[in-house]
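These are the residues of each chain, in order.
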Amino acid sequence: MVKITDVARHANVSPSTVSYALSGKRPISPETRRRIEDSIRELGYRPHAGARSLASSRSRVIGLVLPLRKGIHVPVVMQFATSVLTAAREHDHDVLLLTQNEGEEGINRVAQSAMADAFIIMDVETDDRRLPLLRVLDRPSVLIGFPSDTAGLTCVDLDFAGAGEACVEHLAALGHRTVALVGSPPEVYVRGTGFARRVAAGFTAAADRLGLRSSVHPCPETPAAARAMAEQLLREQPGLTGVVVHNEPITQPLISAFQAMGLRVPEDLSVTAICPDETAEQAPVPITSVSIPSVEIGTRAVELLMAKLAGRDDVPETTVLSAVLTPRATTAPPVVAAP
C-alpha cells in the first residue's frame, strides 16, 4: 500500500507538505502542488476519507437529507438510501446521512462546515421550505421528488401521477366501475408530500376520464387501521370491486381484512398496489403492482449530482421514470352475478 511518505519521497517534499496539500490547511505553491499531484497519480496513492481534498478542497462526501418524519415507511426509504450509498461509492464518494427534521438550517450547517460537497434531498413537499436555500446554495443538489415549482432545481422521481393512472386504467380495462384509493397516512398529505398527492391526483384524473366512481382514503399504517378501512369501504361503497393501495405497511393487512369479511381476491375484489416489487411478489397472493424503482432512482440522483459537480451544463432539470404496471394474481374481471 502506498503511504504518504512514499508520495513525499517521490515528489521530493516533506510528508507534512503532502498533508497540507491534501487538507488545504496551508498554502502550497502551484509548482509544489503539481509535483505532489503527479506523484499521487503515478504511485496510485489513495488518500483516506478525511483528506481527499487535493487541489479542489472537496470532501468527496454527499449529504443525503432524509428526515425520518411521522408517516415515513422506513424500509422503503432505506432502499433509496442504500442505492444512493452504493452509487456514491462507485464514484469514490462517501455519504453523510442527515435524518433530523432540521430543514434548511441543517443543510446550511453542513454546507458551512464543508462536511459535504453536495446534497441529495428526499421527502420533498410541494411547497418545501428548503427550496429557497437550495436555489442559492454554493453546493449543488438533486431532489428525489418534485415540488410544485422545479425552476432552478434538479429533480428525479417515479411518475407517481402516472402510477395512479396506470392502476385505474388496468382496473377499468378489466371492467371495474367503482374503485377506491387507500393512500398514505393522513399526516403525509397534510404536510404536502409530493409523491402522495401526485398518486391521488393521477388516480382521480384517470377515474374521471374513464367515467368510474372513485374515492380517496388516507389511512394510518397499522393493521387495525387497515381492518377499519376495509369495513368503511364496503359500508360506504357496496358496489366497490377495485382497490388501489399506496401504503406499503397495510397492503397485505388490507387484503387479509377483505378476505376475513368473506370477499375473494380477485374474484370479488381486485387489488393493485404501488410498492416495491418484492412486496408484491412475496405476498401470499402475488399482487398486481406498479413498482417503486428505488435502485434506479437513487442511482440516477447520484449520476445527476456527479454531473453537476463536474460543472456540466447539460444536466436536465427534471428526470421522470415511467410507471410500469405488472399484472399478477390479485386482479381479474369482476364477477357478474347470474340473473
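So, how was this worked out
- Residues numbered from 1 in each chain as written.
- Predicted model: local features only at pLDDT ≥ 70, side-chain atom pairs only at ≥ 80, totals over all residues.
- Heavy atoms only, no water.
- Pairing = 2+ DSSP bridges.
- Helix = DSSP H or I, 4+ residues; strand = E, 2+ residues; numbered from the N terminus.
- Right-handed = clockwise from strand over helix to strand, strands pointing away.
- Axes fitted to C-alpha atoms, helices over the stretch in contact; angles between N-to-C directions.
- Parallel < 35°, antiparallel > 145°, perpendicular 65-115°, else oblique.
- Left-handed = near helix turned anticlockwise from the far one by under 90°.
- Contact = heavy atoms within 4.5 Å.
- Buried < 20%, exposed > 50% of the residue type's maximum accessible area, 1.4 Å probe, protein only.
- Arc of directions from axis to C-beta.
- Salt bridge = Lys/Arg side-chain N within 4 Å of Asp/Glu carboxyl O.
- Nonpolar A, V, L, I, M, F, W, Y, C, P; charged D, E, K, R; others polar.
- Phe/Tyr/Trp six-rings, centres within 6.5 Å; stacked < 30°, edge-to-face > 60°.
- Polar contact = N/O pair within 3.5 Å; in protein donor to acceptor, adjacent residues only side chain to side chain.

A. Structural view of the pairing of strand β2 (residues 94–98). Examined bridge by bridge, strand β1 (residues 61–65) and β2 share 5 bridges and lie parallel to one another. Considered in β2, the bridge of Ile62 is made with Val95. The parallel pair β1 and β2 is bridged by helix α4 (residues 74–90), and the resulting crossover is right-handed.

B. A look at the packing of α4 against helix α13 (residues 294–309). For the pair α4 and α13, the least separation of the axes is 8 Å and the interaxial angle reads 45°. One finds that α4 runs oblique with respect to α13. For the pair α4 and α13, the sense of crossing is right-handed. Between α4 and α13, the contacting residues are Gln79, Phe80, Ser83, Val84, Ala87 and Ala88 on the first element and Ser294, Val295, Ile297, Gly298, Thr299 and Val302 on the second.

C. Highlighting unusual backbone geometry. Residue Pro266 is reached from Val265 by a cis peptide bond, and omega for that bond is 15°. For Pro266, the position within the fold is in the loop between α11 (248–260) and β9 (270–275). At Asp92, a position not held by glycine, the phi torsion is positive, near 60°. Tracing the chain through its elements places Asp92 in the loop between α4 and β2. We classify Asp92 as buried; its relative accessible area is 19%. Its identity as a non-glycine residue notwithstanding, Ala114 has a phi of 60°, on the positive side. Ala114 sits in the partly exposed class, given a relative accessible area of 40%.

D. Up close: helix α1 (residues 4–11). Residues of α1 that are buried include every one of Val7, Ala8 and Ala11, and no others. Here the buried residues of α1 occupy an arc of 100° about the axis, which is enough to place them on one side. Remark: Asn12 follows α1 within two positions and exhibits a positive phi of approximately 60°.

E. Focus on the pattern of salt bridges. Across all of its chains, the model carries 22 salt bridges by this definition. A salt bridge links Asp128 to Arg130; its shortest N-O distance comes to 2.7 Å. Assigned by exposure class, Asp128 and Arg130 land together as buried. A single network of salt bridges, built from pairs that share partners, joins Glu31, Arg34, Asp38 and Arg41.

F. Inspection of the packing of helix α7 (residues 160–174) against helix α9 (residues 194–210) at higher detail. Viewed as axis vectors pointing N to C, α7 and α9 meet at an angle of 35°, and their least axial separation amounts to 6 Å. In this structure, the crossing between α7 and α9 has a hand that is right-handed. Residues Phe160, Ala161, Gly164, Glu165, Val168, Glu169 and Ala172 of α7 lie in contact with α9, whose contacting residues are Phe195, Arg198, Val199, Gly202, Phe203, Ala206, Ala207, Arg209 and Leu210. Of the residues contributing to the contact of α7 with α9, the split by class is 10 nonpolar, 2 polar and 4 charged.

G. Seen up close, the sheet that holds strand β6 (residues 178–183). Read from one edge of the open sheet, 6 strands run β7-β6-β8-β9-β10-β12, paired in mixed fashion. The open sheet has two edge strands with one neighbour each: β7 (213–218) and β12 (325–326). With 4 bridges connecting them, β9 and strand β10 (residues 288–291) associate as parallel partners. Within the sheet, the bridge partner assigned to Ile274 lies in β10 and is Val290. The sheet contacts of helix α10 (residues 223–236) involve β6 and β7, and relative to β7 the element is tilted by about 155°. Across the face of the sheet, α11 comes into contact with β6, β8 (242–245) and β9 while running at roughly 155° to β8.

H. Highlighting the packing of aromatic side chains. One pass over the structure, following the stated rule, counts 1 aromatic pair. An angle of 40° between the planes, with centres 5.6 Å apart, marks the rings of Phe160 and Phe195 as tilted. Of this pair, Phe160 sits in helix α7 while Phe195 sits in helix α9, placing them 35 residues apart in sequence. On the basis of relative accessibility, which here comes to 5%, the residue Phe160 falls in the buried class. The exposure class of Phe195 is partly exposed, given its relative accessible area of 25%.

I. Structural view of the environment of Gly298. Here Gly298 shows up in helix α13. You can call Gly298 buried: its relative accessible area is 0%. Once residues within four sequence positions are removed from consideration, Gly298 is found in contact with Ser83 and Val84.

J. Broad picture of the side chain of Arg191. Along the chain, the position of Arg191 falls in the loop between α8 (186–190) and α9. Of the residues examined, Arg191 reaches a relative accessible area of 18% and is grouped as buried. At a separation of 2.7 Å, a polar atom in the side chain of Arg191 contacts the main-chain carbonyl oxygen of Lys70. In this structure, Arg191 is in contact with Arg69, Lys70, Gly71, Ile72, Asp123 and Glu125, ignoring residues within four places of it in sequence.

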